[in-house]
Amino acid sequence: MSKKMFIQIRRITVAEGYTERVVNQFSQPGMIEQQEGLVDLKILVKKGGEVMLVA
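These figures come from a predicted structure and were not determined experimentally.

### Digging into the overall build of the chain
Within the chain one finds 1 helix and 3 strands. Starting at the N terminus and walking to the C terminus, you meet the elements of the chain as β-α-β-β. In the chain, once contacts between residues fewer than 6 apart in sequence are set aside, the share between residues at least 24 apart is 57%.

Encoded structure:
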């Protein structure tokens, strides 16, 4: 029996000056951390820009 993995990537464009605020909110524990099977949650911020990826 093979195991399956689901990977979700969301790209969010954040208004200038709000990157730190959004990263802080996504860094707080929430419902996603309670989901069975969750392996990891990463927040990636593009250097020099206001675009971030949440994977």
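### Description of the environment of Leu-44
The residue Leu-44 is located in strand β2 (residues 43–45) in this model. Residues Leu-44 and Val-23 lie 21 residues apart in sequence; the distance between their C-alpha atoms is 8.9 Å.

### Describing the pattern of salt bridges
Following the criterion strictly, the structure yields 1 salt bridge and no others. Here Lys-42 makes a salt bridge to Asp-40, at a shortest N to O gap of 3.1 Å. With relative accessibility at 42%, the residue Asp-40 sits in the partly exposed group.

Rules and cut-offs
Residues numbered from 1 in each chain as written. Predicted model: local features only at pLDDT ≥ 70, side-chain atom pairs only at ≥ 80, totals over all residues. Heavy atoms only, no water. Helix = DSSP H or I, 4+ residues; strand = E, 2+ residues; numbered from the N terminus. Contact = heavy atoms within 4.5 Å. Salt bridge = Lys/Arg side-chain N within 4 Å of Asp/Glu carboxyl O. Buried < 20%, exposed > 50% of the residue type's maximum accessible area, 1.4 Å probe, protein only.

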